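# Chain and residue survey
These are the residues of each chain, in order.
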Amino acid sequence: MRPVLEVADIFRRHGPVYRQAHADHLGGTERRVMAAIEACRTPALGGHAEQCADCRFVRYAYNSCRNRHCPKCQGLARAEWLEARHAELLPVPYFHVVFTVPAPVADIAFHNKVAVYGILFHAAAEALRDVAGDNRHLGAEVGAVAVLHTWGQALHHHPHLHCIVPGGGISPDQTRWIACPPGFFLPVRMLSRRFRDLFVHQLRSAFTAGSLRFPVALAALADPAAFAAWADELGHTEWVVYAKPPFAGPAQVLDYLGRYTHRVAIANSRLVGFDDGQVSFTWKDYRHDAKTKVMTLAADEFIRRFLQHTVPNGFHRIRHFGFLANRHRAEKLALCRNLLAAPTPEPPSARRWQDRLRDLTGQDVEVCPCCGGRMLTTGTIPPQPPPRPPMWCDSS
């Protein structure tokens, strides 16, 4: 069932004004995201007509934009991704580790998304590998799935990584599975300091290579001496890495992954009001016992906060590393199962999108909502682009 209010409704009503007001610095990625969300499941993208074979009821179904920032387009993508991951689960405890960067780094990351988000992935992966590989701790090769999130509950820019990590790894000689102690993964303080050191080192390298840009508010950091002093200060503060207790079992791991991997900055279900140019939505205040509250923002500010979380085209928000890295995942997982004496799971069966949609919504799109007859596709609907926007809306 369609929510009463959607992000698309806010974009359609206030998007033109927002584009005009921010024409000088609204990037191509943000423009494409706005256009996709506005057009999603509307005549602008075309679709098909359906008719009931019994009662002749007619329904029109419009195509989805399939943009990864669209709140309406993640359900099927998430279901497909999770089915593929189900066959990769191992019969071991799984841990959830979160890597967060300090606010000063988040400011630079916003203006250098590809470079700094990439450093975030690399530093977290190396920190896990180094600390887990140390014989004083686990002494094994570990694997992980890492998911980039850039938002907090109030939609502020807050880049961090959620990593799902099997509780153990492969011995250096690849002859044993080395399990973590019950309920414990790795020493968090050592992990956070290693992460910090790797991140700051890679950030310095990016600065030296000229890969970072500094807008007016951060222009002082373009000076090498100022940047070096700033990086020195970062390297002497405590960074936050948080390891949660292990999951109860594989089913809980999949449920958790499903909530995190294909999430966007805000779900339509959190929107509660849109009146007089003001958007209201629910949020959890974690500083006050995670109480659910309602926040109200001007539509312009709501759109600005939402667009902060667009990621550049081609940038991968979900990455696998260690023994789960793409280049050798099948081989390494087979080795893990052999070391754990675990059976090889059945490969995921091919399923139609209609079946996945039925599982997600509880509704069968092939059944007539009026009489229960069978809905048949009777023809296609060509895209009907909206009128060309004014010149100030054109992407530069």
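Residues numbered from 1 in each chain as written. Predicted model: local features only at pLDDT ≥ 70, side-chain atom pairs only at ≥ 80, totals over all residues. Heavy atoms only, no water.

Turning our attention to the sheet that holds strand β5 (residues 157–166). On the basis of which strands lie adjacent, the open sheet formed by five strands has the order β8-β3-β5-β4-β12 and antiparallel pairing. For this open sheet the edge positions go to β8 (240–243) and β12 (318–322), each flanked by a neighbour on one side alone. Strand-to-strand twist in this sheet, taken as the mean axis angle between neighbours without regard to direction, amounts to 20°. In this structure, strand β4 (residues 143–151) lies alongside β5, joined through six bridges in antiparallel fashion. If you follow V147 over to β5, its bridge partner there is H162. With respect to the sheet, helix α6 (residues 188–208) is in contact with β3 (94–100) and β8, its orientation differing from that of β8 by roughly 140°. (Pairing = 2+ DSSP bridges. Helix = DSSP H or I, 4+ residues; strand = E, 2+ residues; numbered from the N terminus. Axes fitted to C-alpha atoms, helices over the stretch in contact; angles between N-to-C directions. Contact = heavy atoms within 4.5 Å.)

Applying the stated criterion across every chain, the model contains two cavities of 30 Å³ or more. Taken together, 13 residues line the largest cavity, and the ones lying closest to its centre are E88, L89, Y94, V145 and L324. The set of elements that each furnish at least two residues to the lining of the largest cavity consists of β5 and α8 (250–260). Its residues assigned to classes, the lining of the largest cavity comprises 11 nonpolar, no polar and two charged. Estimates place the volume of the second largest cavity at around 80 Å³. (1 Å grid on protein atoms, 1.4 Å probe; cavity = no way out; pocket = protein on both sides within 12 Å on 5 of 7 lines; lining within 4 Å. Points joined across faces, edges and corners; volume = space filled by probe spheres on them. Nonpolar A, V, L, I, M, F, W, Y, C, P; charged D, E, K, R; others polar.)

Attention shifts here to helix α2 (residues 28–39). Along its 12 residues, α2 runs 16 Å from first to last C-alpha, staying within 8% of the 16 Å computed at 1.5 Å per residue. Those residues of α2 hidden inside the fold are in contact with α1 (7–21), α5 (113–133) and α9 (299–307). Of the residues trailing α2, R41 is marked for its positive phi of about 55°. (Expected span 1.5 Å × (residues − 1).)

For the structure on display, the rule yields 17 salt bridges. Residue R329 pairs with E88 through a salt bridge whose shortest N-O separation is 3.2 Å. On the criterion of sequence distance, the pair formed by R329 in helix α10 (residues 329–340) and E88 in the loop between α3 (75–86) and β3 is long-range, its members being 241 residues apart. Each member of the pair R329 and E88 is classed as buried. Two residues, E366 and R374, come together in a salt bridge whose shortest N-O distance is 3.9 Å. Judged by relative accessible area, which is 16%, E366 ranks as buried. In the salt-bridge network here, residues are joined through shared partners; they are R85, E88 and R329. (Salt bridge = Lys/Arg side-chain N within 4 Å of Asp/Glu carboxyl O. Buried < 20%, exposed > 50% of the residue type's maximum accessible area, 1.4 Å probe, protein only.)

The strand order across the open sheet built from three strands is β9-β10-β11, with neighbouring strands paired in antiparallel fashion. The two strands at the open ends of the sheet, each matched to only one other strand, are β9 (271–275) and β11 (291–298). For this sheet, the mean inter-axis angle between neighbouring strands, taken without regard to orientation, is 25°. With eight bridges joining them, strand β10 (residues 278–285) and β11 adopt antiparallel strand pairing. Paired with Q278 across the two strands is A298, which belongs to β11. Across the sheet, α1 touches β9 and β10, and the angle it forms with β9 is around 20°. In the packing of α9 onto the sheet, contacts are made with β9, β10 and β11, and the angle to β11 comes to roughly 110°.

The next subject is the state of the cysteines. For the coordinates displayed, the defined rule picks out zero disulfides. Here C40 is not disulfide-linked; the sulfur of C73 is the nearest cysteine sulfur, at 3.5 Å. Not engaged in a disulfide, the cysteine C180 finds its nearest cysteine sulfur in C336; these two sulfurs lie 13 Å apart. Looking at C180, the relative accessible area reads 12%, which means it is buried. (Disulfide = S-S within 2.5 Å.)

Functional significance is not addressed by these values, which are geometric in nature.
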